[in-house]
Amino acid sequence: MKDKIVCKCNMVLGGDVQEFYENNPEMDLTEMKKELNIGTRCRSCLREECPIIDISFEEVVDSLKIK
């Protein structure tokens, strides 16, 4: 998951989301997206089905909450 693309425009990877989440577990997810610049350019990665990313932000966060 660490090398999977979450936001292609800003080259945010799953590992970036994981590290940020671990350092800010109480942060609101909307604010976390903003801080990581996820979806700030073409916004394709915010769609439910996006062919240019490997994993969605929500999928990464959901997998981290289980652990």
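To be clear, the structure that these remarks concern was listed above.
Residues numbered from 1 in each chain as written. Predicted model: local features only at pLDDT ≥ 70, side-chain atom pairs only at ≥ 80, totals over all residues. Heavy atoms only, no water.

Trainee: Sorry, what's going on with the overall build of the chain here?
Mentor: Each helix and strand counted, the chain has three helices and two strands in total. Walking the chain from its N terminus toward its C terminus, one meets helices and strands in the order β-β-α-α-α. Since a compact globule built from 67 residues should have a radius of gyration of about 11 Å, the 11 Å found for the chain is in line with a globular shape. Projected onto the principal axes, the alpha-carbon positions of the chain cover approximately 25 × 20 × 20 Å. The long-range share in the chain, meaning contacts at least 24 apart out of those at least 6 apart in sequence, stands at 55%. By element, 45% of the accessible surface of the chain is carried by carbon and sulfur atoms, the whole surface being about 4,600 Å². For the chain, the distance from the average site of its 10 positive side-chain charges to the average site of its 14 negative ones is 5 Å. (Helix = DSSP H or I, 4+ residues; strand = E, 2+ residues; numbered from the N terminus. Rg over C-alpha atoms; globule rule 2.2 N^0.38 Å. Contact = heavy atoms within 4.5 Å. Areas by Shrake-Rupley, 256 points an atom, 1.4 Å probe, with all protein chains shown as cover. Lys, Arg positive; Asp, Glu negative; His and termini not counted. Charge placed at Lys NZ, Arg CZ, Asp CG, Glu CD.)

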